[in-house]
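Topology and contacts: notes
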Amino acid sequence: MQRPATTPESAVRPKPYRVPEHWIETYLEPRYPDLATPFRRAADATATALRDGELDDDTFAGLVRLLDHRSTVLRDSVGDLVGRLAAEFPAAMDVVVHRTRSPLARTRREALTWLRHSPPSPTHERVCAAGLLDRSAVVRAQAADNVRYHGLEALAPVLTEAAGREDDPATRRTMERALASVVVPRG
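Keep in mind the model is a prediction, meaning the values are calculated, not measured.

About the criteria used
- Residues numbered from 1 in each chain as written.
- Predicted model: local features only at pLDDT ≥ 70, side-chain atom pairs only at ≥ 80, totals over all residues.
- Heavy atoms only, no water.
- Helix = DSSP H or I, 4+ residues; strand = E, 2+ residues; numbered from the N terminus.
- Buried < 20%, exposed > 50% of the residue type's maximum accessible area, 1.4 Å probe, protein only.
- Contact = heavy atoms within 4.5 Å.
- Areas by Shrake-Rupley, 256 points an atom, 1.4 Å probe, with all protein chains shown as cover.
- Core = buried A, V, L, I, M, F, W, Y, C linked by side-chain atoms within 4.5 Å.
- Arc of directions from axis to C-beta.
- Phe/Tyr/Trp six-rings, centres within 6.5 Å; stacked < 30°, edge-to-face > 60°.
- Salt bridge = Lys/Arg side-chain N within 4 Å of Asp/Glu carboxyl O.

Quick notes on the overall build of the protein chain
- Helix and strand counts for the protein chain stand at 10 helices and 0 strands.
- Helices and strands appear in the protein chain in the N-to-C order α-α-α-α-α-α-α-α-α-α.
- Evaluated residue by residue, the protein chain yields a buried proportion of 47% over its 187 residues.
- Once local pairs closer than 6 in sequence are excluded, the contacts in the protein chain between residues at least 24 apart make up 68%.
- Put simply, the protein chain shows about 10,000 Å² of open surface, and 52% of that area lies on carbon and sulfur atoms.

Observations concerning the nonpolar core
- Judged by nonpolar contacts, the single largest core of 51 residues is most densely connected at F39, V78, L85, L132, V147 and L159.
- If you tally residues by element for this core, the top one is helix α2 (residues 33-52), at 8 residues.
- Ignoring anything within four residues of it in the chain, the contact list for V78 reads F39, A42, L63, L66 and L67.

Observations concerning helix α9 (residues 156-165)
- Taken together, the buried positions of α9 are occupied by A156, L159, A162 and A163. Considered in projection along α9, the buried side chains sweep an arc of 125 degrees and stay on one side of the axis. Summarising the geometry of α9, the exposed residues directed more than 90 degrees from the buried face are P157, E161 and G164.
- Tucked inside the fold, the buried residues of α9 contact α7 (122-132), α8 (137-150) and α10 (169-182).

Quick look at the side chain of S118
- Assignment of secondary structure puts S118 in the loop between α6 (105-114) and α7.
- The class of S118 is buried, set by a relative accessible area of 3%.
- Residues in contact with S118, not counting those within four places in the same chain, are G83, A86, A87, M93, H124 and H150.

Looking at the packing of aromatic side chains
- In this structure the tally under the stated criterion is 3 aromatic pairs.
- Ring centres of W23 and F39 lie 5.2 Å apart, and the angle between their planes is 75 degrees; this geometry places the pair in the edge-to-face category. Residue W23 is located in helix α1 (residues 21-31), and its partner F39 is located in helix α2; the two are separated by 16 residues in the primary sequence.
- Among the residues examined, W23 registers a relative accessible area of 28% and is labelled partly exposed.
- Their ring planes at 55 degrees and their centres at 6.1 Å tell us that Y27 and Y32 sit as a pair that is tilted.
- Here Y27 falls in the partly exposed class, since its relative accessible area comes to 27%.

With respect to the pattern of salt bridges
- Counted by the stated rule, this structure contains 12 salt bridges.
- Taking the shortest distance from any N to any O, the salt bridge between R40 and E29 comes out at 3.5 Å. With a gap of 11 residues between them, R40 in helix α2 and E29 in helix α1 connect regions that are remote in the sequence.
- For E29, a relative accessible area of 32% corresponds to the partly exposed category.
- It is possible to trace a salt-bridge network through shared partners that takes in E21, E29 and R40.

What follows is the structure, given as structure tokens:
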């Protein structure tokens, strides 16, 4: 049984998670009926863990297995749940961080998107700083977008350097937008 983290990273409590029944009924069930049950179980487990402050190891292992499902819809949706759990449970954050080191760019980018579901932390800064240096432009762009989304001002120097050497025009624009949002003009 995992308990919530009691570090500064968990000091900001996220809103309680509610199972998105409307989304399940109007989007998931009609288009992907075989994914509705596994997602509902994963969402229920997430809501329970966040409400009770306890995450069963077997339940969590089941969530992690779903991160490798063949369906992008289920992978992304469960990844978002793991991102929510990462705000409270170190094991969930460890999974996200581990996946940012995957040999697959798609997996690294997905893991960065999951971080949006937990409040900014030193772990976010470390992972995004590494993402800005990634060999994949899509991962670099996602890392820059996370810097903007979370307002990670401490990464402005890393982002400035990354934007200066970025070869991909779209990624450079994303980096420049992120930089503009975190750099406070001095005056």
